[in-house]
Amino acid sequence: MTGWTNDHIPDQHGRIVVVTGANSGLGLVTAAELAHRGAHVVLAVRNTAAGEEAARRIGGVVEVRELDLASLDSVRAFAVKLTADHPALDLLVNNAGVVLLGPRRTSADGFELHLGTNMLGQFALTGLLLGNLAAARQARVVNLSSITHKNAHLDFDDLMFERDYRAPSAYGRSKLATTIFGVELDRRLRAAGLPIVSALAHPGLTRTNLTPRAWEHRGRLGRVVASLGLLATQPVEQGALPQLRAATEPGVRGGQFFGPGRLWETRGPVTEARLSREATDPAVGERLWAAAEDLTGISYP
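Everything numeric in this text was worked out from a predicted model, so none of it was measured. (Residues numbered from 1 in each chain as written. Predicted model: local features only at pLDDT ≥ 70, side-chain atom pairs only at ≥ 80, totals over all residues. Heavy atoms only, no water.)

### Description of the pattern of salt bridges
How we decide: In the sections that follow, a salt bridge refers to a side-chain nitrogen of Lys or Arg positioned within 4 Å of a carboxyl oxygen of Asp or Glu. Secondary structure counts use DSSP, requiring at least four H or I residues in a row for a helix and at least two E residues in a row for a strand, with both numbered from the N terminus. Burial classes follow relative accessibility: with a 1.4 Å probe on protein chains only, a residue under 20% of its type's maximum area counts as buried, one over 50% as exposed, and anything between as partly exposed.
What the rule picks out here adds up to ten salt bridges. Taking the shortest distance from any N to any O, the salt bridge between Arg56 and Glu53 comes out at 2.9 Å. On the criterion of helical spacing, the pair formed by Arg56 and Glu53 is a turn pair, its members being three residues apart in helix α2 (residues 48-58). Taking the relative accessible area as the measure of exposure, Arg56 reaches 59% and is therefore exposed. A salt bridge links Glu249 to Arg245, with the nearest nitrogen and oxygen atoms 3.1 Å apart. Overall, the relative accessible area of 14% leaves Glu249 in the buried class. A network of salt bridges, in which partner residues are shared, links Glu63, Arg65 and Asp85.

### Quick look at the sheet that holds strand β6 (residues 196-201)
Note: strands within a sheet are paired through backbone hydrogen bonds, in either parallel or antiparallel orientation. Using the following cut-off: At least two bridges found by DSSP between two strands is the condition for calling them paired. Think of each axis as a best-fit line through the C-alpha atoms, taken over the contacting stretch in the case of a helix, with angles from 0 to 180 degrees between the N-to-C directions. Contacts are assigned to residue pairs that have any heavy atoms within 4.5 Å of one another.
Taken in spatial order, the eight strands of this open sheet run β3-β2-β1-β4-β5-β6-β7-β8, and their pairing is mixed. Each edge of the open sheet is held by one strand with a lone partner, namely β3 (62-66) and β8 (267-272). Adjacent strand axes in the sheet meet at a mean angle of 20 degrees, parallel and antiparallel pairs treated alike. The pairing of strand β1 (residues 16-20) with strand β4 (residues 91-94) spans three bridges and is parallel. By the bridge assignment, Val19 is partnered in β4 with Val93. Most of the contacts of helix α1 (residues 25-36) go to β1, to which it runs at about 165 degrees, and overall it touches β1, β2 (40-45), β3, β4 and β5 (139-144).

### Let's talk about the confidence of the model for the chain
Our working definition: Along the chain, pLDDT gives the predictor's confidence residue by residue, from 0 to 100.
Confidence along the chain averages 92 in pLDDT terms, with 91% of residues attaining 70 or more. In this model residues 212-231 is a low-confidence stretch, pLDDT under 50, and it forms 16 contacts with partners more than four residues away in sequence or in other chains.

### A word on the nonpolar core
To keep things clear, this is the line we draw: Each nonpolar core is a collection of buried residues, namely Ala, Val, Leu, Ile, Met, Phe, Trp, Tyr and Cys, held together in the definition by side-chain atoms within 4.5 Å.
Among the nonpolar cores identified, the biggest contains 47 residues, and Phe78 and Met119 are the most heavily contacted of them. Residue assignment for this core shows that the elements contributing at least two residues are β1, β2, α3 (72-85), α4 (113-128), α5 (130-134), β5, α6 (167-192) and α11 (282-296). Once residues within four sequence positions are removed from consideration, Phe78 is found in contact with Val18, Val42, Ala44, Arg65, Glu66, Leu67, Leu125 and Leu129. Formed by 35 residues, the second largest nonpolar core is a distinct cluster that contains Val45, Leu91, Leu144 and Val252.

### Things to note about the pairing of β3
Where we set the bar: Assignment of crossover handedness uses the view with strands pointing away from the viewer, where a clockwise path from the first strand over the helix to the second indicates a right-handed crossover.
Two strands pair when backbone bridges link them, and β2 and β3 are joined in this way by five bridges, in the parallel orientation. Within β3, the position partnered with Val42 by the bridge is Glu63. As a crossover connection, the stretch from β2 through α2 into β3 is right-handed.

### Comments concerning the pairing of β6
Where a strand is regular, its side chains alternate between the two sheet faces. Of all six residues in β6, five are buried; the element is thus mostly enclosed. Of the pairings in the sheet, the one linking β5 to β6 comprises six bridges and is parallel in character. Across the sheet, residue Ala139 finds its bridge partner in β6, namely Ile196. Of the crossover connections in this fold, the one passing from β5 over α6 to the parallel β6 is right-handed. Judged from the two bridges that link them, β6 and strand β7 (residues 257-262) form a sheet pairing that is parallel. Bridging from a neighbouring strand, Leu200 pairs with Phe257 of β7.

### Let's talk about the packing of aromatic side chains
Which entries qualify depends on this criterion: Pairing of aromatic side chains requires ring centres within 6.5 Å, counting the rings of Phe and Tyr and the six-membered ring of Trp. Pairs whose planes differ by under 30 degrees are stacked, by over 60 edge-to-face, and all others tilted. For a ring to carry a charge above it, either NZ of a lysine or CZ of an arginine must fall within 6 Å of the ring centroid while also lying within 35 degrees of the normal to the ring plane.
Applying the stated criterion across every chain yields a total of six aromatic pairs. For the pair Phe161 and Tyr165, a centre-to-centre distance of 5.3 Å together with 70 degrees between the ring planes defines the contact as edge-to-face. Taking the relative accessible area as the measure of exposure, Phe161 reaches 2% and is therefore buried. A network of ring pairs unites the aromatic residues Phe123, Phe181, Trp289 and Tyr300 as a single cluster. Taking the ring centre of Phe161 as reference, the NZ or CZ of Arg173 above it sits at 3.8 Å.

Okay, here's the thing in structure tokens:
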């Protein structure tokens, strides 16, 4: 099916949904579409003031909760409070992410910031909420990948990219790690017999605020480069469709991957996308999973 649009989203009444990074860009569009169709949406955001403004724009049944994926303490605090209020969770959209093209930075826990936010934080969050997801009927987890994962390669001897750091490569590695996580999660959910679907999506080249932020360190030149780059992108409403399809289409299978279908998956109608060989390698998945458990201290049931 190549003509999938938000009109295909079924009724979402009765569903409890968490969308990370829901105050802007892809997360805001995703949260709004789900809320407009009746879901109770939790906007999991680092900036709660921005989250409250987003909630006002969205309307419907939404709530704002603080979550900083670059801090495991924040992830744990979020999970404890959410579990108390929502013991069953129907959908977790791991949408939030960072792309920063300046010097190497680290998270509150000392992780390279791209990997810490884009993968390790989401890994910890999903693990802590697995019981909530298992308590719901036909729950799903959607991880947001990127076309950059296709050209990336994990270096297990330097996961934190402490040698010869290059920001674009660090971002690509983090998105490969996120993709491997989503695929490996599907394998483990199947093996455990848990009724949870792990699906993936990527937005192609989409117009969000991540591009301007990535070039902030270059001042005026960065603003010019970011503006030119935005000309090659598709609207955020189009870019959000792959993850909305992964989140809502009846019959989505574990491990399915959705993305744009034209111009090397950079834009266009939603279709099934291609995963890189490394992303689907079970040995790589097992090795990354073990590393993530060790780094985060989160072990899945």
